[in-house]
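# Descriptive analysis of the structure
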Amino acid sequence: MTRLLIVEDEERIVSFLVKGLRAQGYATDVATTGGEGLALARSGSFDLVILDLGLPDRDGFSVLRELRAHDRRLPVLILTARDDVYDTVTGFEEGANDYVTKPFRFDELLARIRARLRDSGLPADITTLEVGDLALDLRTRRARVGERWVELSAREFALAEYFFRHPGEVLSREQILSSIWGYDFDPLSNVVDVYIGYLRKKLGLGVITSVRGMGFRLEKSRKPGTE
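This is a predicted model, so every value here is computed, not measured.

### Let's talk about the pairing of strand β11 (residues 208–211)
Pairing between β11 and strand β12 (residues 215–218): four bridges, direction antiparallel. What sits directly across from V211, in β12, is G215. In sequence, β11 turns back onto β12 through a hairpin of three residues, with G213 there showing a positive phi of about 75°.

The structure is reproduced here in structure tokens:
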């Protein structure tokens, strides 16, 4: 299993990342200080590091600098509120493989993590998810309904992937919002219902069902008579 190290001291973001990444099949460990993060990163036990710059004991750049003196190959993705061009350039010059600013959307972060893991030469992940007679191609980002292929927008695909990775489970609106739209998204928004409506039109009306008072579920097999 691919192991990710999260070096971040903000509890809300840590909880959001751990929940979302574990749901995608990644093993995660957390360090809340630069010293702890550096020690863990140098252990050789991780496939990628997600590094905040504003750590309580030291600046994230110094962590990255010391890590690169020890290991030039371990992918490091900086995740920070610093959006100044100088900081971005410094991050890459110090050896970061990618740079994402807060606030961020989980689906974008996930795509960047996967890209950096591919760059590092790790074995390819599963490329197709199947549930009943439905399939989701992670490379072309299209869905197959029976023998028919349908195109999905970027957000529709992210939502479909989340359901396909949790078939038969009831997913609450809050879970979906935090995983697909980000930890800072308005919890009162109806955007989840809107996009589930889009998916139902493309995948079939019996595919994603509503569970009263709880959320939504991707059925492992479609109900008779539905498309």
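### Digging into the packing of aromatic side chains
Tallied over the entire structure, the rule returns four aromatic pairs. Ring centres of F92 and Y99 lie 6.4 Å apart, and the angle between their planes is 40°; on these two criteria the pair is classed as tilted. Summarising the aromatic geometry, the rings of Y195 and Y198 are spaced 5.0 Å apart at their centres and angled 75° between planes, so their arrangement reads as edge-to-face. One end of the pair is Y195 and the other is Y198, both in helix α8 (residues 191–203) and three residues apart, which spans about a single turn. Grouped by ring-pair contacts, the aromatic residues F16, F104 and F106 constitute a single cluster.

### Some words on the nonpolar core
Of all hydrophobic cores here, the largest spans 30 residues; its most connected members are L136, F163 and I176. When residues of this core are traced back to their parent elements, those giving at least two are β6 (128–131), β7 (134–137), β8 (142–145), α6 (154–164), α7 (173–181), α8 and β12. With seven residues, the top contributor of residues to this core is α6. Aside from chain neighbours lying at most four places away, what touches F163 is L171, I176, I196, I208, F216, R217 and L218. Within the second largest apolar cluster, 20 residues are counted, among which are V18, V100, L110 and L117.

### Observations concerning the pattern of salt bridges
Taken as a whole and assessed by the stated rule, the structure comprises 17 salt bridges. K102 is the salt-bridge partner of D52, the closest N and O atoms lying 3.5 Å from each other. A residue pair is termed long-range when its members are at least 10 positions apart, and D52 in the loop between β3 (48–51) and α3 (60–70) and K102 in the loop between β5 (98–101) and α5 (106–119) qualify at 50 residues. On the basis of relative accessible area, D52 is assigned to the buried category, the value being 4%.

### A look at unusual backbone geometry
The peptide bond linking K102 to P103 adopts the cis configuration, its omega dihedral lying at -5°. Within the secondary structure layout, P103 lies in the loop between β5 and α5. With a phi angle near 60°, R141 is a residue other than glycine that sits in the positive phi range. Residue R141 is classed as partly exposed on the basis of its relative accessible area, which comes to 38%.

Conventions we followed
Residues numbered from 1 in each chain as written. Predicted model: local features only at pLDDT ≥ 70, side-chain atom pairs only at ≥ 80, totals over all residues. Heavy atoms only, no water. Pairing = 2+ DSSP bridges. Helix = DSSP H or I, 4+ residues; strand = E, 2+ residues; numbered from the N terminus. Phe/Tyr/Trp six-rings, centres within 6.5 Å; stacked < 30°, edge-to-face > 60°. Core = buried A, V, L, I, M, F, W, Y, C linked by side-chain atoms within 4.5 Å. Buried < 20%, exposed > 50% of the residue type's maximum accessible area, 1.4 Å probe, protein only. Contact = heavy atoms within 4.5 Å. Salt bridge = Lys/Arg side-chain N within 4 Å of Asp/Glu carboxyl O.

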